[in-house]
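Analysis of the macromolecular model
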Amino acid sequence: MNPNVNDTYWMRHCEIAAEASTCRVHVACVLVHRNQLVGIGYNGSLHHDHHCSDVGCLLVETQVAGSSNSGKSCIRTVHAEMNAILKCTVRGSKEGGWITAYSTYQPCLNCFKALVQIGIRRIVYDRVYKDEWRDKLYHALSDELALDEHLRMVKFSETPTDFIGEL
């Protein structure tokens, strides 16, 4: 296996893909299975709809604890993780190998659930996205899912081990 294809390599892909985001927060997600890119996505509007960068975000008050400093969320955009999932060419499994997700931000609750559902067991993120509901679910997951299948959410750092700590 190529030693240069590691967490740092994939996080660089995220940073470049995030430049294509059209919402106020530039987010990207890269899905990797057996060291191969199997999905990539960034924040953007629905197909054929206006982009936030052109007409502004469609903001609503949010009840998600900690989701933003303003207490508002854009409902025009499709999250980077969902776009990556829609383009993903494989599903992870115990037998076939789990998928790793690399993201510029931690996923929200709904993106976290979708990532886990398609067989992602390691999520590497660069920036913290506060979501108390996601954190509650992450910590409440059954021992079987969390331990047997090695579900981990880790903060990226450009160190030789590539990440620091768990959520």
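Let us look at the structure shown here. The structure displayed is predicted, hence computed values, not measured ones. (Residues numbered from 1 in each chain as written. Predicted model: local features only at pLDDT ≥ 70, side-chain atom pairs only at ≥ 80, totals over all residues. Heavy atoms only, no water.)

1. A short note on the side chain of Thr 22
With respect to the element layout, Thr 22 can be found in the loop between α1 (7-18) and β1 (28-33). The residues contacting Thr 22, other than those within four sequence positions of it, are Asn 43, Gly 44, Ser 45, His 51, Cys 52 and Ser 53. (Helix = DSSP H or I, 4+ residues; strand = E, 2+ residues; numbered from the N terminus. Contact = heavy atoms within 4.5 Å.)

2. Section: the pairing of β1
Most of β1 sits out of view: six of its six residues are buried. Relative to strand β2 (residues 36-42), β1 runs antiparallel, the two being bridged by six bridges. For Val 32, the partnering residue across the bridge sits in β2 and is Leu 37. Connecting β1 to the antiparallel partner β2 that follows it, the hairpin turn spans two residues, and Arg 34 within it adopts a positive phi of roughly 55°. The pairing of β1 with strand β7 (residues 99-105) spans five bridges and is antiparallel. Bridge pairing in β7 places His 33 opposite Ile 99. (Buried < 20%, exposed > 50% of the residue type's maximum accessible area, 1.4 Å probe, protein only. Pairing = 2+ DSSP bridges.)

3. Some points on the nonpolar core
Counting 22 residues, the largest nonpolar core has Leu 31, Ala 101, Phe 112, Leu 115, Ile 120 and Ile 123 as the members making the most contacts within it. Those elements that place two or more of their residues in this core are β1, α3 (80-87), β7, α4 (109-117) and β8 (120-127). The greatest single-element share of this core, amounting to four residues, is contributed by α4. Not counting chain neighbours up to four residues away, the residues in contact with Ile 120 comprise Leu 31, Ile 99, Ala 101, Leu 115 and Leu 151. Judged by nonpolar contacts, the second largest core, of 10 residues, contains Val 5, Trp 10, Cys 14 and Val 154. (Core = buried A, V, L, I, M, F, W, Y, C linked by side-chain atoms within 4.5 Å.)

4. A few points about the packing of α4 against helix α5 (residues 132-140)
Packing of α4 against α5 leaves a shortest axis separation of 8 Å and a crossing angle of 35°. For the pair α4 and α5, the contacting residues are Leu 109, Phe 112 and Lys 113 in the first and Trp 133, Arg 134, Leu 137 and Tyr 138 in the second. Class assignment of the residues belonging to the contact of α4 with α5 gives a composition of five nonpolar, no polar and two charged. (Axes fitted to C-alpha atoms, helices over the stretch in contact; angles between N-to-C directions. Nonpolar A, V, L, I, M, F, W, Y, C, P; charged D, E, K, R; others polar.)

5. Digging into the pattern of salt bridges
Enumeration over the complete set of coordinates arrives at five salt bridges. Two residues, Asp 7 and Arg 122, come together in a salt bridge whose shortest N-O distance is 2.6 Å. Here the residue Asp 7 occupies a position in helix α1, and Arg 122 occupies one in strand β8, the gap between them amounting to 115 residues. On the accessibility criterion, Asp 7 (7% relative accessible area) is buried. Each of Glu 15, Asp 126 and Arg 127 takes part in salt bridges that share partners, so that together they form one network. (Salt bridge = Lys/Arg side-chain N within 4 Å of Asp/Glu carboxyl O.)

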